[in-house]
Amino acid sequence: MKKIKNIISIFGLGLIFFIGCNSKREKDPSTTLRVTFKAEVSDELNGNTIDIWKTLNYSERQGKYLFDKYCTVCHGIKGEGDGFNSYNLNPKPQNLQDSLYINKVSDVFLNQIISSGGSGVNRSSQMPYYKFLLDETEIENIISYIRKLNTIQE
Amino acid sequence: MSKIKIIYAVTSILFLLLLAVSPLKEIFKDWRNFQNSFNSYTDSFPFKVAKVDNGLKQIWNKNLGIIDRCITCHVGLNENKLSNAPQPFTSHPKIYHDNEKYGCTVCHDGQGLSTKYEDAHLPTEFWDKPLLPRKYIESACYRCHDDLSDKFTPLHNKGKELIEKYNCVSCHDLPGIPKQYTPDLNGVGTKIKNKQWLIDWLKNPSLYATNARMPNFKLSETEVTILSDFLFSFKERRNSQSLYPLPEYYNTLKKDEDFIKLGKVSFSEARCISCHSIEGKGGKLAIDLIKVASKASEKWIYSCIKNPKAIMPGVEMTQFGFSDKEAAAITAYIESEFVDWNINEDEIQNIKPVTGYYEKGIEIYNKYNCGGCHKLDIKEIKENKGPELTTISNKKLYQIEWGKSNLKHSLYEYLENKLETPRAFGENTRMPEYKFYKEEITAITAYLLAQRNNEVPQNYLVRKNKVQPFKPQGVIGKTFEKYSCLKCHSVNDYGGKIAPDLAKVGSQLNRDWIRKYFNIPYSLRAIVEERMPKLFISTEEVEMLLDYFESVFIDDNLDFKLNLTEKPEELEKGKMLFKEKYGCQSCHIIDGSGGYVGPPLDNVGERLKPTWIYSWIKNPQKYKANTIDPKTGMNEEDLLLITSYLFHKRSW
Amino acid sequence: MCSYKTESNNENKIKRRKFLSIVGNSATGLVTFGALAVTIDFLSPNVIKERPPKFKVGPIQNIQPDTFIYEPEYRVFVVRDGNGAFYAISAICTHLGCNVKWIDSNIRNDSSVAIACPCHGSKFNRKGEVIEGPAPKGLQRFRIKLSDDDLIVDTSDIVSEEEMYLKV
Amino acid sequence: MHSKVWDSIFRSKLPINTNLDRSLVIFNSLTLHIHPVKVREKAIKFSYTFYLGMISFFLFIILIVTGVLLMLYYQPAIPNAYENMKDLQYVVSNGMFLRNLHRWAAHLMVISVFLHMIRVFYAGAYKPPREFNWVVGVVLLVLTLLLSYTGYLLPFDQLSYWAVTVGVNLIQYIPVIGEKTKFLFLGGHEIGEYTLVRFYVLHCVILPLVMVLLIAFHFWRIRKDGGLH
């Protein structure tokens, strides 16, 4: 019995030694420094309030960039057909947030109207065509963003 | 003896168990789970997806030094049909690079060697580069590319603009960022009208002007007092250049209404608000003028209007050709309008300066590296820069001063927090507070994360030709500088981005039109706020510039003959094409109706040369890379008809 | 271990001791074999830093009929014959592994010598069959596939002559 | 059992019945002859030595076996060394098991050698005629520590880098030869490719070789100095 006691005591001592050596550096859970932003204002740079990194995927983000550049002058930043140039147009630009409209049309139709313009699908020729400026992927990206338009706005 | 046998039996079984642990662990590894569930997941699909054969997979690129095992779990990466599948099976969006060739960590960072979720994605104790968040992915492009357009890296480019705007390079070394103009403080005592303004400004510049670029240094009460005393004592201008004396009749006329009205007219004719804002309305190139009369002395304002470059060396403000009377009238107008009515001047002039303010002032001035932005010609001023940021993205986490903060995970978290609360990392940090918006912080961080040493081999680098600076010599150079043309205009991409590029202007515009335009500048696009100011430029200078445009800013490719028709019925055809077929009128005003996006084309034949009209319609992007005018791809016949139609739109 | 005690007469004790040694011995045996297995498992790498067996040749337009391209890294000829069919043959001589050379640019004829080995003079026709020389058999043929307009050669998949063609 | 092959390997004839046969087995075996033919039971009592020397030796054997296996996956070159560690961790089957076995055995060996020394000290076993074996033992302890230390650099991560930086800078303080020794260890002025190769050779070839020789000598001296009597 004495032997066993010896063994246990030595083993125990060794264990304590090891635990002492190996104690991990303490890690705080991420109680970060981050204080809430004082100016929780709307995105001044982009003119909208959504966090595009959370709500949009890659192709939709690419689409957003292109949409903001080429489409917003007439269709408006939110796609409601109220861009600054829309007041000069007759008929008015399409409201792309109109879910009745947007759910009705197919991707193929949208692709056609963007690439071949309004005249390509027997609508107002005021919508110019972009098939010589944007490539197929870019148009697809724009469409995927348009599809997302009515879901990302409150 | 039996005891030994027991020990023998027990220890050998213990050994067996010990040995069994490792193979068992092998079998139950995460990635095996993922691969199995991928195979069962794809069974539920209507279309066929290739199954994965179990086993570790990796992308190995010897030249880039990359071993990425991400594809062990992200098995559906190149399967286009899986774009809506949950992670880790989602396919990669279409991009310009083949991931089998370049690997994953080249762009995404993270521990490519790892096959465990936590180690591969999250910050761990021994891996400094956790997965880059999606929003910062742009910064990875700059490992190979050196200059990408907004189309590819909008956030990064925005960050660069912000870093330029806030003049970060005055304290931190950053390559390729020009230093912004900041006023030098020689003779600031003669510029500032009252000390209370200086004190308020030093306490918190953004309280005085919301778009002030100067950050809040969070100086203490005493520091502010000392510094204002110190600065107020500089009454001498540099090189003993003194301010222009106000004309004698100013004092008698300054309350006169007609005189003030003259000032107001000149003020609006010169389009001051193209650059200056008034209560936030107007241009963003220069300071807000709303309370300027309470800040600067009359004499200083008058001198500034007369010859800004003489009293503020390096300033980009145009030297208008005002007469003395006009300048004085504008001064009177400013004095009558842009006053801070709340300031009480009597209270403050009585405060006595703190003893020893000069030495203490120098100390504070040096401590916060005020000299980085504001020149002051005394020899005690020393440069006291902050850490250089040239290779900030290469920094290892242990090289960063974390102070008392408990954030030790990743570089981007550090940068975000540093930009937001600069003084949070340790007592001795000097960085002032900028009060950036969240998006601005993200943009700047994205830019900083791109600042790194080249780690990729030479043949992977994509380098763009650097923009050649445009610096004409002689009289032309002096004129360009006098009117600060390159603040708004650019020449072959060198210069400001506000106004059109001038590199081909000689082939683009008619001489007569430019001459008229110098005289009565107006905005071509009605909605653009920042329009060309009236420079009050002399006729000789105009003619000289026009000669220069016609001899230097020329594109030989635009020098060809066009067979334009003049037949009315053909012009009518061109009109129909313009209006009906190509829908140009939705953006351009012609015959009094049309859109505001492009410039009005009513008198376009007067303005533009026919070859330019022709070439522009053929390929707008060739002449202005980021124009939204869509390339129509119209045929030669239509092109000629429309060009003829537009060319005949002129009043003479 | 080295001391010797007079054996106890208690039979139960002997039985128990025997049982214990059987347990101990078998466990030790398992440990030994297990250790061996673990070691062998350890020694066989799960990932290898080698180039993948498949490689992309590029779009089919890159190769005109009756021409070939040589892929030096994999040592493979990708040939398109007069009928427009593609096939891929190895450029490693079956004799002693030298790189064979395409000597005749006119490769229309099936029976003529098209490929020769500079080391020992083996000669092959354009399908890789031996015509002359020390080489014991024809050059290896790899499977060639088409995916998304790209030709892909799989050097781990060696096929017979009938299977080697890819008709487009 | 009695074949020519058997007899050529094991010299003693079976069955073993007499004490002479038993002693012959001991004499004729390389490993067993370290022990005397006859020992008093008291001399091999557990509480007498705690088998600490034997445990250390056993750990050393484990270290050699696992070490050789690890060598098969290790290249002493700068970007590779760390990647190889990661390979062991993530993709080599049982790689982490063997690596941990090597590491823990190394830690345990340092401890057991140290405890062994303490035991010898308290038992007074360093006194004449065993004083020279004590010296050999101390050298073995130093070698054990050196092996541990040189092994520390091989993963080439931040921990090892700084541990070696500190350690080598300690050498610098040796008068006269300090600078030179540091230079020799590092194969340069700072830790680089050469340092890694040098530490690798020390860890895998030179130190183990010396260790094996000294251990053999140490064991032989135990017999000669009259251990286990």
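The rules behind the values
Residues numbered from 1 in each chain as written. Chains lettered and ligands numbered in written order. Predicted model: local features only at pLDDT ≥ 70, side-chain atom pairs only at ≥ 80, totals over all residues. Heavy atoms only, no water. Helix = DSSP H or I, 4+ residues; strand = E, 2+ residues; numbered from the N terminus. Expected span 1.5 Å × (residues − 1). Polar contact = N/O pair within 3.5 Å; in protein donor to acceptor, adjacent residues only side chain to side chain. Disulfide = S-S within 2.5 Å. Buried < 20%, exposed > 50% of the residue type's maximum accessible area, 1.4 Å probe, protein only. Patch = residues over 30% accessible without salt bridge, like charges linked within 9 Å, V, L, I, M, F, W, Y side chains within 5 Å. Areas by Shrake-Rupley, 256 points an atom, 1.4 Å probe, with all protein chains shown as cover. Salt bridge = Lys/Arg side-chain N within 4 Å of Asp/Glu carboxyl O. 1 Å grid on protein atoms, 1.4 Å probe; cavity = no way out; pocket = protein on both sides within 12 Å on 5 of 7 lines; lining within 4 Å. Points joined across faces, edges and corners; volume = space filled by probe spheres on them. Nonpolar A, V, L, I, M, F, W, Y, C, P; charged D, E, K, R; others polar. Core = buried A, V, L, I, M, F, W, Y, C linked by side-chain atoms within 4.5 Å. Contact = heavy atoms within 4.5 Å. Buried area = accessible area lost by both parts, 1.4 Å probe. Axes fitted to C-alpha atoms, helices over the stretch in contact; angles between N-to-C directions. Pairing = 2+ DSSP bridges.

Engineer: Explain helix H6 (residues 136-152) of chain A to me, using residue names and the numbers behind them.
Structural biologist: End to end, H6 of chain A covers 24 Å across 17 residues, agreeing with the expected 24 Å (1.5 Å per residue, within 8%). If you check the start of H6 of chain A, you find a side-chain oxygen 3.2 Å away from the backbone N of Thr-137 of chain A, and it comes from Asp-135 of chain A.

Engineer: Go over the state of the cysteines with me, naming the residues and quoting the values.
Structural biologist: For the coordinates displayed, the defined rule picks out 1 disulfide over all chains. The disulfide that involves Cys-98 of chain C links it to Cys-119 of chain C, with 2.0 Å between the sulfurs. Its S-S torsion of about -100° marks the bond between Cys-98 of chain C and Cys-119 of chain C as left-handed, since a negative value means left-handed. With Cys-98 of chain C in the loop between strand S4 (86-90) and strand S5 (101-102) and Cys-119 of chain C in the loop between strand S6 (115-116) and strand S7 (123-124), this pair connects stretches of sequence that are 21 residues apart. Residue Cys-119 of chain C is classed as partly exposed on the basis of its relative accessible area, which comes to 40%. With no disulfide partner, Cys-171 of chain B has as its closest neighbouring cysteine sulfur the one in Cys-373 of chain B, 6.2 Å distant.

Engineer: So, a nonpolar patch on the surface: which residues are in play, and what are the values?
Structural biologist: A contiguous nonpolar patch, built from Val-197, Val-201, Val-205, Ile-206, Leu-209 and Val-210 of chain D and spanning about 450 Å² of accessible area, is present on the exposed surface. Within the secondary structure, Val-201 of chain D is located in helix H10 (residues 193-224).

Engineer: Before we move on, could you go through empty space enclosed by the protein and cite the residues and values that matter?
Structural biologist: Residue and element names in this part refer to chain B. For the structure shown, the criterion picks out 2 cavities of 30 Å³ or more. Computed from the structure, the second largest cavity encloses a volume of approximately 30 Å³. When residues of the lining of the second largest cavity are traced back to their parent elements, those giving at least two are helix H24 (505-508), helix H25 (511-519) and helix H26 (539-551). It is H26 that contributes the most residues to the lining of the second largest cavity, 3 residues altogether. Of the residues assigned to the lining of the second largest cavity, the class counts are 5 nonpolar, 1 polar and 3 charged.

Engineer: Can you tell me about the nonpolar core, naming the residues and giving the values?
Structural biologist: Within the largest apolar cluster, 77 residues are counted, with the highest numbers of intra-cluster contacts made by Phe-480, Phe-553 and Leu-646 of chain B. Sort the elements by how many residues they give to this core and helix H17 (residues 324-337) of chain B lands first, with 7 residues. The next biggest cluster of nonpolar side chains, apart from the first, holds 58 residues, and it includes Ile-52 and Ile-143 of chain A together with Tyr-166 and Leu-419 of chain B.

Engineer: How would you explain the interface of chain B and chain A if you had to name every residue and give the values?
Structural biologist: With 50 residues of chain B at the contact, the number on the chain A side is 43 residues. Summing both sides of the interface, chain B and chain A together bury roughly 4,200 Å²; the carbon and sulfur share of this comes to 59%. On the surface where chain B and chain A come into contact, there are 1 salt bridge. Here Lys-151 of chain B and Glu-138 of chain A are joined by a salt bridge, their closest N and O atoms 2.4 Å apart. The interface formed by chain B and chain A holds 8 residue pairs in polar contact (both at pLDDT 80 or more) in total. Mapped by element, the contributors of at least two residues to the side of chain B that touches chain A are helix H7 (154-165), helix H20 (411-420), helix H21 (438-449) and helix H27 (568-581) of chain B.

Engineer: Help me get a handle on the packing of helix H8 (residues 158-171) of chain D against helix H9 (residues 178-186) of chain D, residues and values and all.
Structural biologist: Residue and element names in this part refer to chain D. In contact at an axis separation of 8 Å, H8 and H9 are set at 145° when each is read in the N-to-C sense. Residues Val-168, Asn-169 and Ile-171 of H8 touch H9, and the partners they reach there are Gly-178, Thr-181, Lys-182, Phe-185 and Leu-186. Considering only residue class, the contact of H8 with H9 consists of 4 nonpolar, 3 polar and 1 charged.

Engineer: Can you tell me about the sheet that holds strand S9 (residues 141-147) of chain C, naming the residues and giving the values?
Structural biologist: Residues and elements named next belong to chain C. Strand order across the open sheet formed by 6 strands is S1-S10-S9-S4-S3-S2, with antiparallel pairing between neighbours. Looking along the sheet, the strands with just one partner apiece sit at the ends: strand S1 (54-59) and strand S2 (67-71). Mean inter-strand twist for the sheet, computed between neighbouring axes without regard to direction, equals 30°. Note that S4 and S9 share 2 bridges and pair antiparallel. Bridging from a neighbouring strand, Ala-88 pairs with Phe-142 of S9.

Engineer: Describe the sheet that holds S5 of chain C, naming the residues involved and giving the relevant values.
Structural biologist: Residue and element names in this part refer to chain C. Spatially, S5-S6-S7-S8 is the arrangement adopted by the 4 strands of the open sheet, whose pairing is antiparallel. Among the strands making up the open sheet, the edge pair consists of S5 and strand S8 (130-132). Here 2 bridges tie S7 to S8, and the two strands are oriented antiparallel to one another. What sits directly across from Phe-124, in S8, is Val-130.

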